Amino acid sequence: MSTMMAAVEKIERLSVHDLVSDRELGRADVSLILNFAERVKATPGSFARALEGRQLALIFEKPSLRTRVTFEVAMTATGGHAVYLDHAKPRLGERESIKDIAKNLERWVDGIVARTFAQSAVDELAEHAAIPVINALTDTWHPCQSLGDFMTLGEKFGRLKGLKMAFVGDGNNVCHSLMMTGAKLGVALNVATPAGFEPKAEIFEEAKAIARKNGGRIHLLRDPAEAVAGAQAVYTDVWASMGQEFAAHLRTQVFAPYQVNEALMSRADGGAVFMHCLPAHRGQEVSEGVMDSPRSIVYEQAENRLHVEKALLILLLENGRH
Ligand code: CP
Ligand code: NVA
């Protein structure tokens with residue numbers, strides 16, 4: 001066994017076989033992933049052969065810059081290899097059943113990363129594949145994003161418990177993941193959305209109860225100014241997510257008062273950071289000025305996607321090995 005693998009052997013195990021959403025991760029899992037990601041970031045050379053000989057399938061129904069590149073680079077940088085499968089057309093399940101895709105892929109590769117419209121597609125892959133399945137964004141969740149974001153906030157503030165955060169805009173997949181993983185970390189999160197664009201009620205209620213147990217809180221508000229008052233991190237995302245382009249015009253009108261601009265940032269804490277999962281629509285959900293300001297940590301977030309995904313891959317693919 002190589003020195004690299006010996007280092008990996010000493011890592012604790014995750015309680016999950018897959019990462020289908022933020023829901024299944026326990027508090028200890030979240031801490032393990034974030035701590036391990038810091039280790040991987042600090043000493044990338046120690047993990048240069050951690051996934052030697054391992055193969056990963058990347059299935060994407062939707063476009064991607066960050067997620068595709070970071071997963072491909074993560075595999076190459078740890079000695080493994082990724083195979084990209086463009087599933088924009090046909091979508092998963094159209095040419096053959098999702099069950100059969102899972103049953104084929106498990107014969108050739110060691111893990112599946114999937115970006116799909118329906119959450120049920122990722123759930124079904126995980127149900128039928130013996131190998132780990134990682135959610136690379138669905139209409140409902142984006143767990144790799146929230147993990148990278150909390151890693152970034154941890155680096156910035158040195159602690160996450162009690163950290164005051166505001167999410168302003170659409171109660172979408174990124175919002176769900178931030179609420180659910182944030183709840184496990186005990187953050188104090190205000191979510192401000194227009195009426196009718198709130199996060200899913202059952203996800204909000206579940207996250208709220210978990211937050212309470214962990215010394216955090218989640219509040220749902222209407223007024224963006226109220227939501228960001230005193231916040232140490234202000235987060236926004238696009239007003240029309242992938243698949244909602246048909247409604248972009250209407251959404252631009254509804255969401256206009258939710259733009260994160262200099263005026264809104266001035267209501268947050270003096271040291272507040274600006275966050276966005278990207279891609280950003282400059283001049284819509286965020287002003288050019290805020291996006292390019294020293295407060296903006298959007299590219300740190302993007303960088304940390306790489307480190308957190310390396311950590312996830314090593315933890316999940318190694319779990320399946322023993
Ligand atoms: N934030 C994010 O997931 O970016 P991509 O859509 O480019 O992968
Ligand atoms: N909410 C956005 C996130 C993109 C990373 C979308 O789903 O398009």
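Residues numbered from 1 in each chain as written. Chains lettered and ligands numbered in written order. Predicted model: local features only at pLDDT ≥ 70, side-chain atom pairs only at ≥ 80, totals over all residues. Heavy atoms only, no water.

Trainee: Explain the site of ligand 2 here, please?
Mentor: All residues in the neighbourhood of ligand 2 are listed as Leu-137, Asn-172, Asn-173, Val-174, Asp-237, Val-238, Ser-241, Met-242 and Leu-278. One of the side-chain N or O atoms of Asn-172 is found 3.3 Å from a nitrogen atom in ligand 2. Between Asp-237 and ligand 2, the recorded distance is 2.6 Å, taken from a side-chain N or O atom to a nitrogen atom. Alone, ligand 2 offers 270 Å² of accessible surface; in the complex the protein occludes 95% of this. The residue makeup of the shell around ligand 2, split by class, is 5 nonpolar, 3 polar and 1 charged. (Near = heavy atom within 4 Å. Polar contact = N/O pair within 3.5 Å; in protein donor to acceptor, adjacent residues only side chain to side chain. Areas by Shrake-Rupley, 256 points an atom, 1.4 Å probe, with all protein chains shown as cover. Nonpolar A, V, L, I, M, F, W, Y, C, P; charged D, E, K, R; others polar.)

Trainee: Looking at this model, I keep getting lost on the pairing of strand E1 (residues 55-60). Mind explaining?
Mentor: For a regular strand, side chains alternate in direction, first toward one face of the sheet and then toward the other. The buried fraction of E1 amounts to 5 of the 6 residues, a majority that puts the element mostly inside the structure. In terms of strand pairing, E1 meets strand E2 (residues 81-86) through 6 bridges, oriented parallel. Across the sheet, Leu-58 pairs through a bridge with Tyr-84, a residue of E2. Taking the sense of rotation as the criterion, the β-α-β connection linking E1, helix H3 (residues 66-77) and E2 turns out right-handed. (Buried < 20%, exposed > 50% of the residue type's maximum accessible area, 1.4 Å probe, protein only. Helix = DSSP H or I, 4+ residues; strand = E, 2+ residues; numbered from the N terminus. Pairing = 2+ DSSP bridges. Right-handed = clockwise from strand over helix to strand, strands pointing away.)

Trainee: What is the right way to read the sheet that holds strand E6 (residues 188-192) from this model?
Mentor: By definition, the strands of a sheet pair up through backbone hydrogen bonds, in either a parallel or an antiparallel sense. Pairing in this open sheet of 5 strands is parallel, and the strands run E7-E6-E5-E8-E9 from one edge to the other. Looking at the sheet topology across the chains shown, the edges are occupied by strand E7 (217-221) and strand E9 (273-276). Sheet twist, expressed as the average angle between the axes of neighbouring strands with direction ignored, equals 20°. Sheet topology note: the strand E8 (residues 233-236)/E9 ladder contains 4 bridges and is parallel. If you follow Val-234 over to E9, its bridge partner there is Phe-274. (Axes fitted to C-alpha atoms, helices over the stretch in contact; angles between N-to-C directions.)

Trainee: Please explain the site of ligand 1 as it appears in this structure.
Mentor: Residues in close proximity to ligand 1 include Ser-64, Leu-65, Arg-66, Thr-67, Arg-115, His-142, Gln-145, Cys-277, Leu-278 and Arg-305, which together make up its full environment. With respect to ligand 1, the side chain of Thr-67 contributes an N or O atom lying 2.6 Å from an oxygen atom. A distance of 2.9 Å separates a nitrogen atom of ligand 1 from a polar backbone atom of Leu-278. Out of a free accessible area of 260 Å², ligand 1 has 96% covered by protein chains. Tallied by class, residues from the shell around ligand 1 come to 3 nonpolar, 4 polar and 3 charged.

So, to be careful, I would describe these as geometric facts and stop short of saying anything about function.
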